[in-house]
2 protein chains.
Amino acid sequence: MAGSVLLPKPCLMRLPHYYRRLLQAMHEGQSIISSDELGEEAGVPAAQARKDLSYLGEFGRPGVGYDVYELAAHLERILGLNEPKKAILIGVGNLGRALASYPGFARYHLQIVAAFDIDPSKIGQRIGSIRVLPLEELETFVHQNDVRMAILAVPAAQAQSIADRLAAAGIHLIWNFAPVSLRVPTGVMVFNEDLAARLATLSFFLIRQSS
Amino acid sequence: MAGSVLLPKPCLMRLPHYYRRLLQAMHEGQSIISSDELGEEAGVPAAQARKDLSYLGEFGRPGVGYDVYELAAHLERILGLNEPKKAILIGVGNLGRALASYPGFARYHLQIVAAFDIDPSKIGQRIGSIRVLPLEELETFVHQNDVRMAILAVPAAQAQSIADRLAAAGIHLIWNFAPVSLRVPTGVMVFNEDLAARLATLSFFLIRQSS
DNA sequence: TAGATTGTTAATCGATTAACAATC
DNA sequence: TAGATTGTTAATCGATTAACAATC
C-alpha cells in the first residue's frame, strides 16, 4: 500500500512548495534555480531542499543548479499533479460549498464529480457544475463512477457513520474536514483538516503574546 | 516571545485531541481516564500520551489514571481555550464566509469581530452578526479594537500585500488560508492552512492506490 | 582557473518507544 | 496482597544540519 516511492513525510509536505516556486520561476522566465531559492519558499535551508530532491533522483548540476522545467515536470509526475483525480463531496454546508468552488483545486486536476447531502432542500441544487445528490445514492454512485476519494464536510456527529459507508463502498482516501478522529479499516487513508483542533493550538500561542 | 511553557510541537498538536477525548468522557459520565484511552484518540501509544501530559505537570495517579475534570480544566488553561480571542477575517469569498460561520470555533471562544473585503458590493453585508467593512478601515479597526489575530482568506495574489498591512497594523498572528508562503516580520506568527498544497500531497497517495 | 553549487556523508538534534520502579 | 497504571529513564528511531569532495 505504501507505493514504490518512499519519502519521509516532512519531505513530501515540502514538495508542493518547491513546485510552487518552480511555477513562479517559469512565470518569470527563470530557467535555472538553486536549492537555496527552493528552500526559501519551503522555509528550510538549502541543504534540506537538496536532500529532499535527492530522494527523487539526481536532477541538479553541481556548480549550476536545477533545471526549472525538468524539475517541475518531475515533481508533477511524482505527485501525480496532472493525473485526473475524481472525488465526491459529502456535506453541502458552508464549508462543503466553499470546497466545491475552491479555485486552487483545478490546477491539480481534482474533479469533484458529485456532492451528497441528507437535506432534501439541497438535493438537485448545483454548485457550479456539481450536482447535489441524495445520500442514499452514495454507494451506487461510487461503484458506477469508480471514485476513490471523498471529501468529508459533514457535522462531527455524522462523520463516523458516513466514513463507515465510504469505506464499505470502496473509497480509499478520505479528506476529512469534520473535527473528529475517524476509525477506518486498513487500506483506507484519512487525512484530517481539523480546523477546530488547529484553532486550539493557535490559541496556545495567541494567549501568550506579549503586549 | 516563545512564552513560558515549552512544548514540543507534535505534543502541542495532540493536546486538542486529548481534550476532545476528555469532553467525550465527561459526556459519558466517565470520571477517570487512562493514558491508553487518551492516546487512542490522538493515534499514539499510551507512553506517548503520558509523556505529552508530563510536560504539563503531574496529573495522573499511578495505578489509577487521570481525573477527567482536572485534566480537562488544565488543558483548557494551558491552551487558553476559555480565553476570548478576538480576530478579524480578511476576504469574504466562499471560504471566508464558511470560516465566519464555522460552528466549531465558538466552543474555543474565537470571536470574529469584523470582516473586510475590497468588493464594494460586499461592504455592509452581514455574515451572521459579523459586519463586512471596507479594507481601508483595516488599520483603524485593528488599533481601536486591540485585535491580535487575523484570518486571511483572500486570493493568493493579494495575500502578501495584506499580510504586510496586517503586520504593520500590529497583528501578531495570521491564520493564512491563501496558498502562498507569506513573508512577515519577526514577532508575527503565520499558521498556514494551505489546501492546495495539501491536495498535492494527497495526490501522491491517491495515484499510488492499488486497484 | 576561480567561483558556484550539487549530492552525500557524518554529526547533531529532537521525538518516539520500551521498560520498569514507584504508586495506588 | 495482586493487579493496574503512572512518571521517567534509556534506547531507538528518524529528520535536520554542517561540511566538503565532486562537478560544472
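What counts, and at which threshold
- Residues numbered from 1 in each chain as written.
- Chains lettered and ligands numbered in written order.
- Predicted model: local features only at pLDDT ≥ 70, side-chain atom pairs only at ≥ 80, totals over all residues.
- Heavy atoms only, no water.
- Domains from an automatic or database assignment.
- Near = heavy atom within 4 Å.
- Polar contact = N/O pair within 3.5 Å; in protein donor to acceptor, adjacent residues only side chain to side chain.
- Helix = DSSP H or I, 4+ residues; strand = E, 2+ residues; numbered from the N terminus.
- Salt bridge = Lys/Arg side-chain N within 4 Å of Asp/Glu carboxyl O.
- Buried < 20%, exposed > 50% of the residue type's maximum accessible area, 1.4 Å probe, protein only.
- Phe/Tyr/Trp six-rings, centres within 6.5 Å; stacked < 30°, edge-to-face > 60°.
- Pairing = 2+ DSSP bridges.
- Contact = heavy atoms within 4.5 Å.
- Axes fitted to C-alpha atoms, helices over the stretch in contact; angles between N-to-C directions.

**Student:** Now, about the domain arrangement of chain A: what can you tell me, with residues and values included?
**Tutor:** When the domains of chain A are assigned, the result is domain 1 (9–79) and domain 2 (85–198). The C-alpha centroid of domain 2 of chain A is placed 32 Å from the C-alpha centroid of domain 1 of chain A.

**Student:** How would you sum up the protein's contact with DNA strand C? Please name residues and give values.
**Tutor:** Residues in close proximity to DNA strand C total 25 residues, the closest being Ser35(A), Arg50(A), Gly60(A), Gly63(A) and Tyr66(A). When the atoms of DNA strand C within 4 Å of the protein are grouped by moiety, sugar and phosphate amount to 63% of the total. Tyr66(A) is positioned with one of its side-chain polar atoms (N or O) 2.6 Å from a phosphate oxygen of DNA strand C. Taking Arg50(B), its side chain carries an N or O atom lying 3.3 Å from a base nitrogen of DNA strand C. Contributions of two or more residues to the surface near DNA strand C are made by helix H3 (46–54), strand E2 (60–61) and strand E3 (65–67) of chain A together with helix H1 (9–27) and helix H3 (46–54) of chain B. Among the elements that make up the surface near DNA strand C, the one with the highest residue count is H3(B) (four residues).

**Student:** Outline the pattern of salt bridges, supporting the account with residue identities and numerical values.
**Tutor:** A complete count under the given rule lists 14 salt bridges over all chains for this structure. In this structure, Asp194(A) engages Arg20(B) in a salt bridge whose closest nitrogen and oxygen atoms are separated by 2.6 Å. Here Asp194(A) is found in the loop between strand E10 (189–192) and helix H8 (195–206), whereas its partner Arg20(B) is found in helix H1 on a different chain. Note that Lys122(B) and Asp117(B) form a salt bridge whose closest N and O atoms lie 4.0 Å from each other. With a relative accessible area of 10%, Asp117(B) lands in the buried category.

**Student:** Give a detailed account of the packing of aromatic side chains, specifying residues and quantitative values.
**Tutor:** Scanning the model with the defined rule gives 14 aromatic pairs over all chains in all. Aromatic pair Tyr19(B) and Tyr108(B): ring centres 6.4 Å apart, planes at 55°, arrangement tilted. One end of the pair, Tyr19(B), is in helix H1; the other, Tyr108(B), is in the loop between helix H5 (94–100) and strand E5 (110–117), with 89 residues separating them in the sequence. Just as Tyr19(B) is buried, Tyr108(B) falls in that class too. Following the ring pairs from residue to residue traces out a cluster consisting of Tyr102(A), Phe105(A), Trp175(A) and Phe177(A).

**Student:** So what's going on with the sheet that holds strand E3 (residues 65–67) of chain B? Residues and values would help.
**Tutor:** Residue and element names in this part refer to chain B. One open sheet holds the three strands; their spatial order is E1-E3-E2, and the pairing between them is antiparallel. Whereas interior strands pair on both sides, the edge strands pair on one side only; in this sheet they are strand E1 (32–33) and strand E2 (60–61). Pairing of E2 with E3, which is carried by two bridges, proceeds in the antiparallel orientation. Bridge pairing in E3 links Arg-61 to Gly-65. Taken strand by strand, helix H4 (residues 68–79) contacts E1 and E3, and its axis lies near 70° from that of E3.

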